[in-house]
Amino acid sequence: MKMLRATLLLAALSTTALTTAPAFAETVLRLDEAPVGELDPGKASDYADSILMFNVYDTLVVPTAGKPGMQPHLASSWTVDGNVYTFTLRDDVKFHSGNKLTADDVVYSFDRMIALGQGFSNLFVEDVEKAEAVDAKTVRFTLKGPYAPFLSALVRLPILDSKLAKQHQAAGKYGAFGDYSEAWLSANDAGSGAYVVVTQNPQSETALAKFPDYFLGATPKSPDKVRFRYGLEASTVRALLSKGEHDIGSQWLPPEVAKALAADDKMQLLTETGTNVFYIKLNTAKAPLDDVHCRRALTYAFDYATAAKMVAVSDTVSLGKPANGPIPHGMLGSSSEVPNYAQDLEKAKAELAQCKYKPEETPLEISWIAEVPLEERFALLMQANFSKLGFKPEVKRVPWALFTDMVTKPETTPNISQIFNSATTPDPDSLLFNTYHSSAKGTWQSPEYLQDAEVDKLLEAGRAEVDPAKRQKIYEDLSQRLRDLAPTIYAYDQVAVFPARKAVTVPALSDDAHRYALSGYSFSFREMEMAP
């Protein structure tokens, strides 16, 4: 009966979205991303997952449009007393079920994420002692010590409707919470966001409908429905966009496809900048890249200039900008005084001469993600570059699902991997800690398997220091240490380019005054506008 009520609720919400305007005025936004679309807010971590979270769920705070900093969202205000953050909740927020938001929902959401130990739990587990409800509208977080990124980390704590979730608990390993509703939340939502999940298939498509009772409302021309598709081939996306049967293509389209689409007077190129990077990961726990000199040799041998040409879409739009280290230009901790990377084969050969391995005798696997065809080109570029040093690189196509399993062990992790990574909050800690701290090794973000005490020390200092000027120096020192250790080739600072029909207006992807310093948040459907 409970499942029937939930189904009827979703149907009613969908019907409401259809009946708030004449049938001919209904709009459907169609867009795509690489798979898989994870709907569970305690597990979501990838780009597609993030778009779902930002539309189906809400958080206590959100990034401010057009400038740094955070602003209230589900919280109307907050106070800070040492290591204690106290939030006052809005009193006009309803979940999709009709239940009203309370402090118990916040505590449940936090406790659940920590218990599951997945998603973005790493942003909290080591630094937050507890969350507790002071009263129905007040929630208090007690930190274990100074933790500068805490406020920005809250953009990755989606708040669930605890009453609804508990109704769908099954037997499981979490004591009184059973399976913590994992099975149900993988296919259903318990959010308060501007859009409601109607159907969910994480391999192919999530269908959503506008939530009519959203506490902040939406633009008058925001889409009534959304079809969020996963894993479409580049040729399919191009054909659909050309025929007007798709609205926004993913950032993973090859540059020439984006360029060809942009030539159509009905198309535009939308961009997202400032938080994304293209990292070429080097497995430091397996020969030959367990030798720092061999890693440095590869960083010098990589052809950065050709890489830049490969991602140029037009004279004014490119998928990347030159990089000078692990932190993208403009983010806290970056430095304009450090030169950008450039190929230097003489230095590459000098470093290789100090490596304990003979390149012609040592296998060198270069992987690329099957769902991201652009990576094949970089794999072939590296194959050509590193062959000049005597290596015999082998290029391997790896599906994303298999890759995430392979990197759980150093011996099965490729020597070289390619990752488009993003700062998951508007803070460098969220980009670097999950990648380079020794506790993070063995995840898709950290296939380097780096274990360095100095790196750990600097990362931990960056978390503890609250003074911005001192944090800047810490992250500059960290960047230099990482450049010296060379666990990664910093190919470029990524510019995500999305071909889209001009019938869609996305201020956060086209107007600097509306941009957000958070990857994926630009895809807030309620802020978009569509022509009927």
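See the structure printed just above.
Residues numbered from 1 in each chain as written. Predicted model: local features only at pLDDT ≥ 70, side-chain atom pairs only at ≥ 80, totals over all residues. Heavy atoms only, no water.

### Thoughts on helix α16 (residues 468-485)
Under the 1.5 Å per step criterion, the end-to-end length of α16 is 26 Å for 18 residues, consistent within 8% with the ideal 26 Å. In this fold, the buried residues of α16 make contact with α9 (292-301), α14 (428-436), α15 (453-464) and β17 (488-494). Regarding α16, its N-cap is D467, as a side-chain oxygen of that residue lies 3.1 Å from the backbone nitrogen of A469 further along. A positive backbone phi angle near 50 degrees is found at A486, which sits one or two residues after α16. (Helix = DSSP H or I, 4+ residues; strand = E, 2+ residues; numbered from the N terminus. Expected span 1.5 Å × (residues − 1). Contact = heavy atoms within 4.5 Å. Polar contact = N/O pair within 3.5 Å; in protein donor to acceptor, adjacent residues only side chain to side chain.)

### Description of helix α2 (residues 47-56)
Counting buried positions along α2 yields 10 of 10 residues, so the element is predominantly enclosed. Those residues of α2 lying buried are Y47, A48, D49, S50, I51, L52, M53, F54, N55 and V56. Looking at the buried residues of α2, the elements they touch are β1 (28-33), β8 (195-201), β9 (205-210), β10 (225-230), β11 (267-272) and β18 (496-501). (Buried < 20%, exposed > 50% of the residue type's maximum accessible area, 1.4 Å probe, protein only.)

### Some details on the pattern of salt bridges
On inspection of all chains with the given rule, the structure shows 22 salt bridges. A salt bridge links R30 to D247; the nearest nitrogen and oxygen atoms lie 3.0 Å apart. Separated by 217 residues along the polypeptide, R30 in strand β1 and D247 in the loop between α7 (234-242) and α8 (255-262) bring together distant segments of the chain. Here R515 and D512 are joined by a salt bridge, their closest N and O atoms 2.8 Å apart. Connected through salt bridges with shared partners, the residues R30, D247 and R501 form a single ionic network. (Salt bridge = Lys/Arg side-chain N within 4 Å of Asp/Glu carboxyl O.)

### Comments concerning the sheet that holds β8
Spatially, the four strands line up as an open sheet ordered β1-β10-β9-β8, and their pairing is mixed. The open sheet has two edge strands, β1 and β8, and neither has a second partner. Mean inter-strand twist for the sheet, computed between neighbouring axes without regard to direction, equals 20 degrees. Both β8 and β9 contribute to a ladder of six bridges, which runs antiparallel. Directly across from N201, in β9, lies its bridge partner E205. (Pairing = 2+ DSSP bridges. Axes fitted to C-alpha atoms, helices over the stretch in contact; angles between N-to-C directions.)

### A closer look at the sheet that holds strand β6 (residues 128-135)
Pairing is antiparallel across the open sheet formed by four strands, whose spatial order is β4-β5-β7-β6. Among the strands making up the open sheet, the edge pair consists of β4 (75-81) and β6. Sheet twist, expressed as the mean angle between neighbouring strand axes with direction ignored, is 20 degrees. On the sheet, helix α3 (residues 103-116) packs against β5 (84-89), β6 and β7 (138-143) and is oriented at approximately 165 degrees with respect to β6.

### With respect to the side chain of T413
Within the secondary structure, T413 is located in the loop between α13 (400-406) and β16 (416-422). Overall, T413 belongs to the buried group, its relative accessible area being 0%. Among the polar contacts made by the side chain of T413, one reaches the main-chain carbonyl oxygen of M406 at a distance of 3.5 Å. With residues up to four places along the chain from it excluded, the contact list for T413 reads N283, K286, M406, V407, P447 and Y449.

### Some points on the side chain of R526
By the secondary structure assignment, R526 is in the loop between β19 (504-505) and β20 (529-530). With residues near it in sequence (within four places) discarded, R526 still touches N55, A194, Y195, Y214, L216, G217, A218, T219 and S222.

### Remarks on the packing of α15 against α16
Close contact between α15 and α16 brings their axes to 9 Å; oriented N to C, the two are set at 160 degrees. As the angle between them shows, α15 and α16 are arranged roughly antiparallel. Crossing handedness for the pair α15 and α16: left-handed. Between α15 and α16, the residues in contact are E454, V455, L458, L459, A461, G462 and R463 and R471, I474, Y475, D477, L478, R481, L482 and L485, respectively. Looking at the contact of α15 with α16, its residues break down into nine nonpolar, one polar and five charged. (Parallel < 35°, antiparallel > 145°, perpendicular 65-115°, else oblique. Left-handed = near helix turned anticlockwise from the far one by under 90°. Nonpolar A, V, L, I, M, F, W, Y, C, P; charged D, E, K, R; others polar.)

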